[in-house]
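# Summary of the model geometry
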Protein chains: 2
Amino acid sequence: MKVLIADDDRDLLNLIAFTLTQASYLVVKATDGPAAIRAFDEESPDLAVLDINMPGASGFQVCETIRAKSRIPIMMLTVRGEEEDLIRALDLGADDYLTKPFSPRTLLARIKALLRRAGLESSAPAAAGRVALDVQEHTVRISGGAPIRLTKLELRLLQMLLANANRTVSSDRLLVQVWGHRNSGDRQLLKQLVHRLRHKIEADPASPQLLQTSAGTGYKLVVD
Amino acid sequence: MKVLIADDDRDLLNLIAFTLTQASYLVVKATDGPAAIRAFDEESPDLAVLDINMPGASGFQVCETIRAKSRIPIMMLTVRGEEEDLIRALDLGADDYLTKPFSPRTLLARIKALLRRAGLESSAPAAAGRVALDVQEHTVRISGGAPIRLTKLELRLLQMLLANANRTVSSDRLLVQVWGHRNSGDRQLLKQLVHRLRHKIEADPASPQLLQTSAGTGYKLVVD
DNA sequence: TCAACCGGTTATATGGAGGTAACAAACCGG
DNA sequence: CCGGTTTGTTACCTCCATATAACCGGTTGA
């Protein structure tokens, strides 16, 4: 689990980095807005912690930029007494905020909560019905069969479908969740991915039992 | 395994000492800064636990003094709400911190973690299945064969993999654990290290039985 | 009826990840 | 200071996941 932290206060940055590292997160640091955006592009973190007051681009701009490309959870940091900032931050798509000063432990707890909410929680081996997903090993087992190895994208897709087991997920949502950006014009990618995944997990890929199509909307994972 | 504890609160000191003694550590006690430094010089402990607020020299000074002479793991104790202290402590080279109040059990767990990280773990020579690691001697034995000498990095890599035997460990995590910092862009180092280690421990390095790669994720040690 | 659209399939190009080798730099004990 | 070992760096190769494109059949609605 990789976390991007952006704050121009180097001491605070290091303290946060240390705390998260101890909790076995991977940390990517940035001390100003442009660096944060660069780090986001290069490292593709799973979560971002952004200070609002930073030189270069403000936390707002960083938040907006990231949101334009990705749906990862974003937590904003602000100083007490500037609550109106928060409204703007949440408008721009931030998921949570924390008011300085805060204890490292608090930050850690909130980060865990965010990740849990985003369904990215590291440990939990997600499972529903006959589909058992092992995120760490990148494998699925269907009806207790042999583990099937999945690629990164296949795993993401299954994660999303599994999180909404037995319910249709729209193609647009899947595109955003799996690829992070992409306009919904890019359906070809999803078609391909579904096709490949079916060949891996379906007994008869021509008539899918698990990964079914919901015509005109999207796909659903039927787990019984 | 010898542990130095410095805290001016005698009750807490005794509680910690008792806990550690029960866990079969040797304990050296000090109730102020100068005593702590003296004890360090005379007893050469393997790890130090330092309260930040102490009469005489503060925990900071003690930390600095010890760091100037030694690389033993240092854990700082502080009271809740003084997080800025931690920044300074970590700057001075402390390895971990704990906020009072804490449970003895927590302290013990963190101490063990520190020792493990430093490769000083007292407990049983790490082993799982056919892989037996002797951390002191920097050697492995595979299926009871002859001991194989390992370099520092090889040892650490193997330690990490052994600690998660039969489970995939992500490349990013391995990089952080083995090299300590590093941007995760530096996968080449890991590739090389894996390559070298395979040539040492695998019967046929071209088709690894022990140190297997999990494509797109990382590596795992299969010990059966 | 037919054109537009949707979903499935196949084929091919491309880029990144991992393996290997060779070499350079740093380290270390004598 | 020397020689060997360990670690870091660069380059190249291969393979596979992903991206891109084209084609097919079915459905729908003008």
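The coordinates are above.
In short, a report on the structure. Because the structure is a prediction, the values reported are computed rather than measured.

## Digging into the protein's contact with DNA strand C
In the vicinity of DNA strand C there are 19 residues, among which Arg198 and Thr213 of chain A together with Lys191, Gln192 and Thr213 of chain B approach most closely. For DNA strand C, the fraction of protein-proximal atoms (within 4 Å) that sit in sugar or phosphate groups is 47%. Between a base oxygen of DNA strand C and a side-chain N or O atom of Lys191 of chain A, the distance comes to 2.7 Å. When contributions to the surface near DNA strand C are tallied by element, the ones reaching two or more residues are α8 (187–201) of chain A together with α8 (187–201) of chain B. Classifying every residue of the surface near DNA strand C by side-chain character gives three nonpolar, 10 polar and six charged.

## Some points on the pattern of salt bridges
Enumeration over the complete set of coordinates arrives at 16 salt bridges over all chains. When the shortest N-O distance is used, the salt bridge between Arg67 of chain A and Asp95 of chain A registers 2.9 Å. Of the two residues, Arg67 of chain A is situated in helix α3 (residues 59–69) and Asp95 of chain A in the loop between α4 (83–91) and β5 (96–100); the sequence distance between them amounts to 28 residues. Judged by its relative accessible area of 22%, Arg67 of chain A falls in the partly exposed class. Residue Lys220 of chain B is joined to Glu137 of chain A by a salt bridge in which the shortest nitrogen-to-oxygen separation is 3.2 Å. Placement of the pair is Lys220 of chain B in strand β12 (residues 218–221) and Glu137 of chain A in the loop between β7 (131–134) and β8 (139–142), with the two residues belonging to separate chains. Three or more residues are tied together by salt bridges with common partners; here these are Lys2 of chain A together with Asp172 and Arg187 of chain B.

Criteria and thresholds
Residues numbered from 1 in each chain as written. Chains lettered and ligands numbered in written order. Predicted model: local features only at pLDDT ≥ 70, side-chain atom pairs only at ≥ 80, totals over all residues. Heavy atoms only, no water. Near = heavy atom within 4 Å. Polar contact = N/O pair within 3.5 Å; in protein donor to acceptor, adjacent residues only side chain to side chain. Helix = DSSP H or I, 4+ residues; strand = E, 2+ residues; numbered from the N terminus. Nonpolar A, V, L, I, M, F, W, Y, C, P; charged D, E, K, R; others polar. Salt bridge = Lys/Arg side-chain N within 4 Å of Asp/Glu carboxyl O. Buried < 20%, exposed > 50% of the residue type's maximum accessible area, 1.4 Å probe, protein only.

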